[in-house]
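Fold and geometry: a report
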Amino acid sequence: EFNLQMLVKKVEAKEEKRLEAEEKGEEYEDSDDGMHEVAKKRGKKKKKLNLTVEQLQERVAVLIQNTMANRATMKKDYTLLDGNFITKDIDPLIADYEKDPAGASDVLRRSLYETVLGLLEKGTSLMGQ
């Protein structure tokens, strides 16, 4: 709420300080720009989720276990294979998906998902070493 009397008093006080500074031969610096009354809203900092490698491996294992019921591809253990063997499986799937992402079949989508989970399993096993 605007209060004229408070503003007049504030201006008078500033003027007195300025005059006192001039009498002393100093330069009066007014750092009051009115912003001290404005409260800035600060954004909430998002907490980082601290996951260990073991927790990631557990989560990937749960996801793989959930795909076992209606798999589109045969379950492969990529943890014992080199990366070039994995790319032989996923590259054709990605090429098929890129041809028509909107019209990709459920089998193709499940195949990609299952293969990516295998890659994640391999990646987390390498992280643990």
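First, a word on scope: everything that follows refers to the structure included in this document.

Cut-offs applied
Residues numbered from 1 in each chain as written. Predicted model: local features only at pLDDT ≥ 70, side-chain atom pairs only at ≥ 80, totals over all residues. Heavy atoms only, no water. Helix = DSSP H or I, 4+ residues; strand = E, 2+ residues; numbered from the N terminus. Buried < 20%, exposed > 50% of the residue type's maximum accessible area, 1.4 Å probe, protein only. Contact = heavy atoms within 4.5 Å. Areas by Shrake-Rupley, 256 points an atom, 1.4 Å probe, with all protein chains shown as cover. Axes fitted to C-alpha atoms, helices over the stretch in contact; angles between N-to-C directions. Parallel < 35°, antiparallel > 145°, perpendicular 65-115°, else oblique. Left-handed = near helix turned anticlockwise from the far one by under 90°. Nonpolar A, V, L, I, M, F, W, Y, C, P; charged D, E, K, R; others polar. Expected span 1.5 Å × (residues − 1). Polar contact = N/O pair within 3.5 Å; in protein donor to acceptor, adjacent residues only side chain to side chain. Core = buried A, V, L, I, M, F, W, Y, C linked by side-chain atoms within 4.5 Å.

This part is about the overall build of the protein chain. Within the protein chain, the regular secondary structure consists of four helices and zero strands. Counting the 129 residues in the protein chain, one finds 15% classified as buried. Partitioning the contacts of the protein chain with sequence separation of at least 6, the portion at a separation of at least 24 is 62%. In the form shown here, the protein chain has an accessible surface area of approximately 11100 Å², with 54% of it arising from carbon and sulfur atoms.

Before going further, it helps to examine the packing of helix H2 (residues 53-66) against helix H4 (residues 106-127). It is at 9 Å that the axes of H2 and H4 come closest, and there the two elements cross at 160°. Taken together, H2 and H4 sit at an angle that is classed as roughly antiparallel. Note on packing geometry: the crossing formed by H2 with H4 is left-handed. Where H2 approaches H4, its residues Val53, Leu56, Gln57, Val60, Leu63 and Ile64 are matched on the opposing element by Tyr113, Leu117, Leu120, Glu121, Thr124, Ser125 and Met127. Here the residues of the contact of H2 with H4 are counted per class, giving nine nonpolar, three polar and one charged.

Right, let's talk about helix H1 (residues 4-23) for a bit. Residues that lie three or four places apart on an α-helix share one face, since the helix turns once every 3.6 residues. With 20 residues, H1 should cover 28 Å at 1.5 Å per step; its first-to-last C-alpha distance of 29 Å lies within 8% of that length. You can read the cap of H1 off the contacts: a side-chain oxygen lies 3.1 Å from the backbone nitrogen of glutamine 5, and it is on asparagine 3. In the stretch just after H1, glycine 25 is the one whose phi turns positive, near 85°.

Grouped together as the largest cluster of nonpolar side chains are five residues: Ile90, Leu93, Ala104, Leu108 and Leu112. Secondary structure elements with two or more residues in this core: helix H3 (83-99) and H4. Ignoring anything within four residues of it in the chain, the contact list for leucine 112 reads Ile90, Leu93, Ile94 and Tyr97.

Relative to the helices and strands, threonine 124 resides in helix H4. Judged by its relative accessible area of 7%, threonine 124 is buried. Among the polar contacts listed, one links the side chain of threonine 124 to the backbone oxygen of glutamate 121, at a separation of 3.0 Å. Contact partners of threonine 124, with chain neighbours within four places excluded, come to Val53, Leu56 and Gln57.

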